[in-house]
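# Architecture at a glance
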2 protein chains.
Amino acid sequence: MSRAAPVFKALADPHRREILRLLRAGPRSAGEVAAALPISKATLSHHFNLLKDADLVRCEVRGQARIYALNTSVVEDVTALLLDVLGRAPARSEP
Amino acid sequence: MSRAAPVFKALADPHRREILRLLRAGPRSAGEVAAALPISKATLSHHFNLLKDADLVRCEVRGQARIYALNTSVVEDVTALLLDVLGRAPARSEP
DNA sequence: CGTCTATTTCGATAATCTTCGAAACATGTC
DNA sequence: GACATGTTTCGAAGATTATCGAAATAGACG
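Here we summarise the structure given alongside this text. What you see is a predicted model; the values in this text were computed from it and never measured.

### Notes on the protein's contact with DNA strand D
In the region of DNA strand D, 24 residues are neighbours, and Gly 31 and Tyr 68 of chain A together with Ser 40, His 47 and Gln 64 of chain B sit closest. The contact atoms of DNA strand D, taken as those within 4 Å of the protein, divide so that sugar and phosphate hold 78%. At a separation of 2.7 Å, a phosphate oxygen of DNA strand D approaches a polar backbone atom of Gly 31 of chain A. Going through the elements one at a time, α3 (30–36), α4 (41–53) and β3 (65–70) of chain A together with α2 (14–24) and α4 (41–53) of chain B are the ones with two or more residues in the surface near DNA strand D. Looking at the surface near DNA strand D residue by residue, the class counts come to seven nonpolar, twelve polar and five charged.

### Examining empty space enclosed by the protein
Residue and element names in this part refer to chain A. Here the structure, examined in full by the defined rule, presents one cavity of 30 Å³ or more. Reported here for the largest cavity is a volume of approximately 50 Å³. In terms of lining, the largest cavity is formed by Ser 2, Val 7, Ala 54, Asp 55, Leu 56, Asn 71, Ser 73, Val 74, Asp 77 and Val 78. Examining the composition of the lining of the largest cavity, we find that three residues originate from one element, helix α5 (residues 74–86), more than from any other.

### Side note on the sheet that holds β3 of chain A
Residue and element names in this part refer to chain A. What the three strands build is an open sheet, ordered β1-β3-β2; its pairing is antiparallel. Taken across any chain shown, the strands that pair with only one partner, and hence form the sheet edges, are β1 (28–29) and β2 (57–62). As judged from the six bridges shared by β2 and β3, these two strands associate in the antiparallel manner. Within the sheet, the bridge partner assigned to Val 57 lies in β3 and is Leu 70. Lying on the sheet, α4 is in contact with β2 and β3; it crosses β2 at an angle near 120°.

### A closer look at the packing of α5 of chain A against helix α5 (residues 74–86) of chain B
Close contact between α5 of chain A and α5 of chain B brings their axes to 11 Å; oriented N to C, the two are set at 155°. When the axis of α5 of chain A is compared with that of α5 of chain B, the two are roughly antiparallel. Considering how the two elements wind past one another, α5 of chain A and α5 of chain B form a crossing that is right-handed. In this structure, α5 of chain A contributes Val 74, Val 75, Val 78, Thr 79, Leu 82, Leu 83 and Leu 86 of chain A to the contact, and α5 of chain B contributes Val 74, Val 75, Val 78, Thr 79, Leu 82 and Leu 86 of chain B.

### As for the sheet that holds strand β2 (residues 57–62) of chain B
The pairing of strands in a sheet happens through backbone hydrogen bonds and is either parallel or antiparallel. All names here are of chain B. The three strands are arranged β1-β3-β2 in an open sheet whose pairing can be described as antiparallel. Pairing within the sheet leaves two strands with one partner each, and these edge strands are β1 (28–29) and β2. Its contacts with the sheet put α2 on β1, β2 and β3 (65–70), and the angle it makes with β3 is roughly 90°.

### Describing α4 of chain A
Residue and element names in this part refer to chain A. Between its first and last C-alpha atoms α4 spans 18 Å; for 13 residues at 1.5 Å apiece the expected length is 18 Å, and the two agree. Among the residues of α4, Leu 44, His 47, Phe 48 and Leu 51 are the ones counted as buried. Down the axis, α4 shows its buried residues gathered within 105° of arc, on one side only. With respect to the buried face of α4, the exposed residues turned more than 90 degrees away are Ala 42 and Asp 53. Of the surrounding elements, those touching the buried residues of α4 are α1 (4–11), α2 (14–24), α3, β2 and β3.

### Details of the pattern of salt bridges
Within this structure, the stated rule accounts for six salt bridges over all chains. Via salt bridges that share partners, Glu 18 and Arg 21 of chain A together with Asp 84 of chain B belong to a single interconnected network.

The rules behind these values
- Counting starts from 1 at the beginning of each chain's written sequence and moves along it residue by residue.
- All chains are assigned letters beginning at A, and all ligands numbers beginning at 1, according to the order in which they are written.
- In view of the model being predicted, local features appear only for residues whose pLDDT reaches at least 70, and side-chain atom pairs are presented and counted only at 80 or more, with totals across whole chains, interfaces and linings using the full set of residues.
- Think of the side-chain values as coming from all heavy atoms in the structure, minus any hydrogens and water.
- Whether a residue is near a molecule or strand is decided by its heavy atoms; if any one of them lies within 4 Å of it, the residue is near.
- Polar contact is the term for a pair of N or O atoms within 3.5 Å; when the atoms are in protein, one must be able to donate a hydrogen and the other to accept it, and sequence-neighboring residues count only if both atoms are side-chain atoms.
- What counts as a helix is a DSSP run of H or I of at least four residues, what counts as a strand is a run of E of at least two, and both are numbered from the N terminus.
- For this classification, the nonpolar set comprises Ala, Val, Leu, Ile, Met, Phe, Trp, Tyr, Cys and Pro, the charged set comprises Asp, Glu, Lys and Arg, and every other residue, Gly included, is treated as polar.
- We place a 1 Å grid over just the protein atoms. Points where a 1.4 Å probe fits but has no way out form a cavity, open points with protein on both sides within 12 Å along at least 5 of 7 lines form a pocket, and any residue with an atom within 4 Å of a point lines it.
- Grid points are joined across faces, edges and corners, and a volume is the space filled by probe spheres set on the points.
- We call two strands paired when DSSP finds no fewer than two bridges between them.
- Should any heavy atoms of two residues lie within 4.5 Å, those residues are considered in contact.
- A fitted line through C-alpha atoms represents every axis, and for helices the fit uses only the stretch in contact; the resulting angles, taken between N-to-C directions, go from 0 to 180 degrees.
- Note on angle classes: values under 35 degrees are labelled roughly parallel, values over 145 roughly antiparallel, values of 65 to 115 roughly perpendicular, and the remainder oblique.
- Here a crossing is taken to be left-handed if its near helix is turned anticlockwise relative to the far helix by less than a right angle, and right-handed if that turn runs clockwise.
- Given a helix with a known number of residues, its expected span is that number minus one, times 1.5 Å.
- The classification of residues rests on relative accessible area computed with a 1.4 Å probe and restricted to protein chains. Under 20% of the type maximum is buried, over 50% is exposed, and intermediate values are partly exposed.
- By definition, the arc is the one covered by directions from the helix axis to the C-beta atoms.
- By definition, a salt bridge exists where a carboxyl oxygen of Asp or Glu is found within 4 Å of a side-chain nitrogen of Lys or Arg.

Next up, the structure:
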């Protein structure tokens, strides 16, 4: 199971949540995502790094572009993390 | 539906997640929670405020103590927020 | 009322986070 | 190789956050 801290940290920023919503519609290049958000490419790249660290997105190099995509196995993982915090099963500590 | 920002912000801090895990076992006074965490009562009070703003916990005054409890309707709400970001059906929790 | 206990609020500090422009890096094309 | 395009990394500024001790508030009780 993924570590909780990077995931919750990644979800804490509204721009990063917007990026994830965009990627739901399908993979996008960094430039395409940048065009849809009111932030610089440098800032966007920083957000992508955090999302990658949390394993929420995957990156694939294609030509001179980088294509980002939602990590498909992520929903079940994050739901499990959520249940670890809010659910009724016995508590487990996080790393 | 609850606003997403305060909820995700509240979940971003490990101490706050630990507080929520503690409250899963049942309501606790602020002092009881403070005794279980390595932070000052002032800091804990600050965390409780954020958790209340996010509607993740409820507070009830009993005598001179304040009893905090998990907001029971919270799991479904937060799961909905998560789906708004990640967009797929969740794994069902145990009844 | 005075005091004790439980908790919050205040004020300040340190750490973390977001953000940007500029420079560096990578990759494709001529 | 030279150049253009897409993206990342660097370095720094500004905002937000976590944290604490001290002071303030709230309720119980003699």
